[in-house]
Amino acid sequence: MPQRNVDQFLRAVVGQAVLAGLGLIGSLSCGVAVAALYPHDGRRDMTGADIQRYHGAGVLFCRRPDGVPQKAAAAWLIGNPSLVVMNAHNFRNRRMETTRNVADCYFQIGGRNYNFDPGSLRLGTPPHARSLHITDDWALLRLSEPAVGIPPQPVPDAPSLPTGVGELPVIMVSPGGHENYRGPSSIETCFIRQIDPPSEDEIRRVRHDCNDGYGGSGSGLFDATGRMLAMQSASLSMNSRRSFDIEFHYGSALLFEGELLSAIRQEVGALASPPSSPVSR
């Protein structure tokens, strides 16, 4: 894709994702709120068995300016009962401006709500970045207390998937649902159609044909063995129901590899290490 088209795509998808997360564009989907993005539509509600298989699946809730909490995106307890991974665009827009404060949000899993440690936010962007891109659209947050009775999603191994065009069956798990599906959550078998070259952080974007929608950011893409491969970021033309197009109509997710995977492992290691004992004199 020419660089100008890439830039236009990033502006569109990240801008759409941020607006969706802020609840500002739901009204645009009148009449097509439950339409699939592609002619095929194999989505169904998640069952108890799905929750057992894809453990760690949770939901990010954030409070509106009037204080009313609303569902924002999917989020995942990963590697440790106190660590959550989600999209960076839940808190920053494409120009890296703050759109939400961590203190205004909480994590829901297993029927319980957990507050975040506000000072623990770790973003996928470089320290002084001025823009947010698909492959650094990730964030890690620690919970103020560990989730109880819920096993976290295991830390995934880096996927050994070749860069380029292909057709890899995956399962998109959307624990928070999204605006173009009636159920509270959804699961669907779909396909990764292309894996782009890695970014500077050694993270690759995948282009897929999974039927996601506004509010479905952070959904997980899994292989047939139940291994987590990627995390949804955004889709272009969110309510345009037409065939997959490798250039103009596809979903974007980032693979669990490179800097993202390293950051998860670092956080898990730090959480597993007991605090240093003071030296007695």
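Draft legend 1. Inspection of the state of the cysteines at higher detail. Counting across every chain of the model gives two disulfides. Across a sulfur-sulfur distance of 2.1 Å, Cys-62 and Cys-105 are joined as a disulfide pair. Between Cys-62 and Cys-105 the sulfur-sulfur dihedral comes to about 105°; the bridge is accordingly right-handed. Here Cys-62, found in strand E1 (residues 57–63), pairs with Cys-105, found in strand E4 (residues 105–109); they are 43 residues apart in sequence, far enough to count as distant. Exposure remark for Cys-62: the relative accessible area of 2% places this residue in the buried category. Overall, the relative accessible area of 2% leaves Cys-105 in the buried class. Note on cysteine connectivity: Cys-190 is disulfide-linked to Cys-210, with sulfurs 2.1 Å apart. Because the sign of the S-S torsion sets the handedness, a value of about 85° for the bond joining Cys-190 and Cys-210 places this disulfide among the right-handed ones. Highlighted residues: Cys-190 in strand E9 (residues 186–195) and Cys-210 in the loop between strand E10 (205–208) and strand E11 (220–222), separated in sequence by 20 residues. In terms of burial, Cys-190 and Cys-210 fall into one category: buried. Each bonded cysteine of the chain gets a number by its place in the sequence, and the pairs then read 1-2, 3-4.

Draft legend 2. Examining the packing of aromatic side chains more closely. Scanning all chains against the criterion turns up four aromatic pairs. With centroids separated by 6.3 Å and ring planes inclined at 45°, the aromatic side chains of Tyr-38 and Phe-244 adopt a geometry described as tilted. Here Tyr-38 is found in the loop between helix H1 (3–21) and helix H2 (48–53), whereas its partner Phe-244 is found in the loop between strand E12 (228–235) and strand E13 (251–255), with 206 residues between them in sequence. Here the aromatic cluster, defined as three or more aromatic residues joined through ring pairs, consists of Tyr-54, Trp-76 and Phe-222. The ring of Phe-244 has Arg-193 lying over it, and the distance from NZ or CZ to the ring centre is 4.8 Å.

Draft legend 3. Representation of the pattern of salt bridges. Evaluated as defined, the whole model comprises 13 salt bridges. Among the ionic pairs, Arg-207 bridges to Asp-196, the shortest N-O distance being 3.2 Å. Taken as a pair, Arg-207 in strand E10 and Asp-196 in the loop between E9 and E10 lie far apart in primary sequence, 11 residues in all. Residue classification places Asp-196 among the buried positions, given a relative accessible area of 8%. Beyond isolated ion pairs, a larger network of salt bridges with shared partners links Arg-122, Arg-142, Glu-259 and Glu-267.

Draft legend 4. Region of the structure containing the pairing of E4. Burial within E4 is extensive, with four of its five residues counted as buried. Sheet topology places E1 next to E4; four bridges connect them, and they run antiparallel. Each bridged residue has a counterpart across the sheet, and for Cys-62 the counterpart in E4 is Cys-105. Of the strand pairs in this sheet, E4 and strand E5 (residues 112–115) are connected by four bridges, and their pairing is antiparallel. Bridge pairing in E5 links Ile-109 to Arg-112. Hairpin connection from E4 to E5: two residues lie between these consecutive antiparallel strands, with Gly-110 at a positive phi of about 60°.

Draft legend 5. Looking closely at the environment of Arg-100. Looking at the element boundaries, Arg-100 is found in the loop between strand E3 (83–86) and E4. With a relative accessible area of 12%, Arg-100 lands in the buried category. Counting along the chain gives 38 residues from Arg-100 to Cys-62, while the straight-line C-alpha distance between them is 8.2 Å. A polar contact is formed between the side chain of Arg-100 and the backbone oxygen of Asn-90, at a distance of 2.9 Å.

Draft legend 6. View of the sheet that holds strand E7 (residues 139–142). One open sheet accounts for seven strands, arranged E5-E4-E1-E2-E3-E7-E6; its pairing is antiparallel. The outermost strands of the open sheet, each flanked by one partner alone, are E5 and strand E6 (122–123). As defined by bridge partners, E6 adjoins E7 across two bridges and the pair is classed as antiparallel. Note that in E7 the partner of Arg-122 across the bridge is Leu-140.

What counts, and at which threshold
- Residues numbered from 1 in each chain as written.
- Predicted model: local features only at pLDDT ≥ 70, side-chain atom pairs only at ≥ 80, totals over all residues.
- Heavy atoms only, no water.
- Disulfide = S-S within 2.5 Å.
- Helix = DSSP H or I, 4+ residues; strand = E, 2+ residues; numbered from the N terminus.
- Buried < 20%, exposed > 50% of the residue type's maximum accessible area, 1.4 Å probe, protein only.
- Phe/Tyr/Trp six-rings, centres within 6.5 Å; stacked < 30°, edge-to-face > 60°.
- Lys NZ or Arg CZ within 6 Å of the ring centre and 35° of its normal.
- Salt bridge = Lys/Arg side-chain N within 4 Å of Asp/Glu carboxyl O.
- Pairing = 2+ DSSP bridges.
- Polar contact = N/O pair within 3.5 Å; in protein donor to acceptor, adjacent residues only side chain to side chain.

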